[in-house]
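Descriptive analysis of the structure
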Amino acid sequence: HVQLVESGGGLVQAGGSRRLSCAASGSIFSINAMGWYRQAPGKQRELVATITASGNTNYADSVKGRFTISRGNAENTVYLQMNSLKPEDTAWYYCHANYYNDYGPGSWGQGTQVTVSS
């Protein structure tokens, strides 16, 4: 079992930047990949970015070139650097840990709210 805690959300002006953090604790050895997802009111939760244990990254088209997912020097921390923010980026952002198949379903953090104003 892995526990995830997000931080870094808040109010940001359009065009500004913000970095989200996700701290993982527990059975870290079971994590195959981590990702950031977001959900706006009335919308489905959608993938923002993922990073594998080997460092491979993947991004949604809507954030490509603006957001960067990375690991800290401490492997239990994942960041989402958000640049050139747009009002359309306003959502709750959630950290997710994907486990190796034999360790069952993934885990979600509690979320952190990002509001981008014009």
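These notes cover the structure that comes with them. (Residues numbered from 1 in each chain as written. Predicted model: local features only at pLDDT ≥ 70, side-chain atom pairs only at ≥ 80, totals over all residues. Heavy atoms only, no water.)

**A word on the overall build of the protein**
Scanning the protein for helices and strands turns up zero helices and 11 strands. Counting helices and strands in the order they occur from the N terminus, the protein gives β-β-β-β-β-β-β-β-β-β-β. In summary, the protein has a C-alpha radius of gyration of 14 Å against a globular reference of 13 Å for 118 residues, a match within 12%. With the principal axes as the frame, the protein shows a C-alpha extent of 45 × 30 × 25 Å. Each of the 118 residues in the protein was classed as buried or not, and the buried ones make up 40%. Considering only intrachain contacts with a sequence separation of at least 6, the fraction spanning at least 24 residues in the protein is 54%. Approximately 6,300 Å² of the protein is accessible, and the part contributed by carbon and sulfur atoms is 47%. Positive and negative side-chain charges in the protein, numbering 9 and 7 respectively, have mean positions lying 6 Å apart. (Helix = DSSP H or I, 4+ residues; strand = E, 2+ residues; numbered from the N terminus. Rg over C-alpha atoms; globule rule 2.2 N^0.38 Å. Buried < 20%, exposed > 50% of the residue type's maximum accessible area, 1.4 Å probe, protein only. Contact = heavy atoms within 4.5 Å. Areas by Shrake-Rupley, 256 points an atom, 1.4 Å probe, with all protein chains shown as cover. Lys, Arg positive; Asp, Glu negative; His and termini not counted. Charge placed at Lys NZ, Arg CZ, Asp CG, Glu CD.)

**Points about the nonpolar core**
If you look at the biggest cluster of nonpolar residues, it comprises 28 residues, and the most contacted ones within it are W36, L80 and Y93. Mapped by element, the contributors of at least two residues to this core are strand 1 (2-7), strand 3 (18-26), strand 4 (31-39), strand 5 (46-52), strand 7 (67-71), strand 8 (77-82), strand 9 (91-99) and strand 11 (112-117). (Core = buried A, V, L, I, M, F, W, Y, C linked by side-chain atoms within 4.5 Å.)

**Looking at the environment of G111**
Looking at the secondary structure, you find G111 in the loop between strand 10 (107-108) and strand 11. Relative accessible area serves as the criterion here: at 7%, G111 is assigned to the buried category. Taking the C-alpha atoms as reference points, G111 and S30, separated by 81 residues in sequence, lie 21 Å from one another. Contact partners of G111, with chain neighbours within four places excluded, come to E6, W92, Y93 and Y94.

**Observations regarding unusual backbone geometry**
A positive phi angle is found at S84, which is not glycine, with a value near 50°. Within the secondary structure, S84 is located in the loop between strand 8 and strand 9.

**Structural notes on the state of the cysteines**
Considering all chains together, one arrives at one disulfide under this definition. A disulfide bridge connects C22 with C95, and the sulfur atoms are separated by 2.0 Å. Given an S-S torsion of about -85°, the disulfide between C22 and C95 has left-handed geometry. Taken together, the positions of C22 in strand 3 and C95 in strand 9 put the pair 73 residues apart, joining distant regions of the chain. For C22, a relative accessible area of 0% gives the class buried. We classify C95 as buried; its relative accessible area is 0%. (Disulfide = S-S within 2.5 Å.)

**Focus: the sheet that holds strand 1**
Strand order in this open sheet of four strands is 1-3-8-7, and the pairing throughout is antiparallel. Two strands lie at the open edges of the sheet, namely strand 1 and strand 7, each paired on one side alone. The average undirected angle you get between the axes of adjacent strands in this sheet is 15°. Pairing of strand 3 with strand 8 involves six bridges; the strand directions are antiparallel. Bridge pairing in strand 8 places R19 opposite Q81. (Pairing = 2+ DSSP bridges. Axes fitted to C-alpha atoms, helices over the stretch in contact; angles between N-to-C directions.)

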